[in-house]
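Coordinate analysis (summary)
Residue-level listing of the chains:
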Amino acid sequence: MVAKNVMIRLATPDDAFAIASMSRDLIETGLPWTWTPERVTRNIRNRNISTVVACDGEEVVGFAIMYFGDEDSHLNLIAIEPVYQRAGLGQRLIDWCKKSCLVAGIARIDAEFRITNRSARAFYRKCGFRERALMPGYYSGVETAVTMTLPLRPGV
Ligand SMILES: CC(C)(COP(=O)(O)OP(=O)(O)OC[C@H]1O[C@@H](n2cnc3c(N)ncnc32)[C@H](O)[C@@H]1OP(=O)(O)O)[C@@H](O)C(=O)NCCC(=O)NCCS
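Worth saying up front: this structure is predicted, and the values here are computed from it rather than measured. (Residues numbered from 1 in each chain as written. Predicted model: local features only at pLDDT ≥ 70, side-chain atom pairs only at ≥ 80, totals over all residues. Heavy atoms only, no water.)

Brief notes about the site of the ligand
How we decide: Throughout, near means a residue has at least one heavy atom within 4 Å of the molecule or strand. Throughout this description, a polar contact denotes any pair of N or O atoms lying within 3.5 Å of each other; where both atoms belong to protein, one of them has to be capable of donating a hydrogen while the other can accept it, and for residues adjacent in sequence the pair is counted only when both atoms sit in side chains. Residue exposure ignores everything except the shown protein chains as possible cover, and the areas themselves are Shrake-Rupley values with a 1.4 Å probe. Cavities and pockets are found on a 1 Å grid laid over the protein atoms alone: a cavity is a set of points where a 1.4 Å probe fits but cannot escape, a pocket is an open set with protein on both sides within 12 Å along at least five of seven lines, and a lining residue has an atom within 4 Å of such a point. To be counted as sitting in a cavity or pocket, a molecule needs more than half of its atoms within 2 Å of that site's grid points. Strands here mean DSSP runs of E at least two residues long; helices mean DSSP runs of H or I at least four residues long; both are numbered from the N terminus.
The local shell around the ligand holds 18 residues, among which Ile78, Ile80, Gly88, Gly90 and Asn117 are the closest. Interatomic distance of 2.8 Å between a backbone N/O atom of arginine 86 and an oxygen atom of the ligand. Here alanine 87 contributes a backbone N or O atom positioned 3.2 Å from an oxygen atom of the ligand. For the ligand, the protein covers 80% of the area, taking 910 Å² as the surface of the free molecule. Judged by the fraction of its atoms near the pocket grid, the ligand is located in the largest pocket. Where the shell around the ligand is concerned, the elements lending two or more residues are helix H1 (16-27), strand E4 (72-80), helix H3 (89-104) and helix H4 (118-126). Counting residues per element, the shell around the ligand draws most heavily on H4, at five residues.

Written out as structure tokens, the structure is:
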């Protein structure tokens with residue numbers, strides 16, 4: 001079981017390069033690289049954002065970046081290294097974010113994914129997200145985003 005010893009912890013600026021590289025290779029494929037190490041570092045240092053990493057020993061094998069507002073939150077990015085996928089790590093990262101939101105009294109988690117990303121659609125649906133809208137050109141003016149919401153309170 002590849003994910004047996006994987007631990008989840010808060011990221012530090014030392015993790016920025018690994019996170020940015022995963023974003024470039026697994027999320028922004030074929031688009032300009034916008035989640036550079038500098039941008040990731042700013043997110044890690046931002047008090048309104050939680051960046052969590054899944055680590056196998058010293059190696060970062062997954063991450064999630066989540067913005068916390070007063071009432072709602074936004075999952076900016078999530079990715080798991082291919083050899084560690086389908087082992088429940090993505091769901092563990094979402095659970096970590098969900099628990100933080102529930103403690104903070106946040107009503108919902110918003111997220112979006114590239115319309116061509118079938119894995120993300122299946123994953124978010126499995127995690128309880130509902131599809132909300134399409135945003136043409138959201139990704140660098142060339143690809144549509146599907147926006148999704150995970151309600152954390154009844155009636156949201
Ligand atoms: C989307 C992603 C984060 C899912 O992470 P993961 O650790 O593989 O997901 P999990 O193992 O927790 O999967 C939970 C459930 O989601 C669904 N799921 C996840 N990936 C799936 C896929 N490729 N096809 C179909 N269903 C999938 C399944 O129901 C799965 O449960 P199961 O394995 O018991 O059938 C991962 O595929 C990834 O990093 N993709 C590239 C980056 C990306 O697209 N990020 C999202 C947009 S920012």
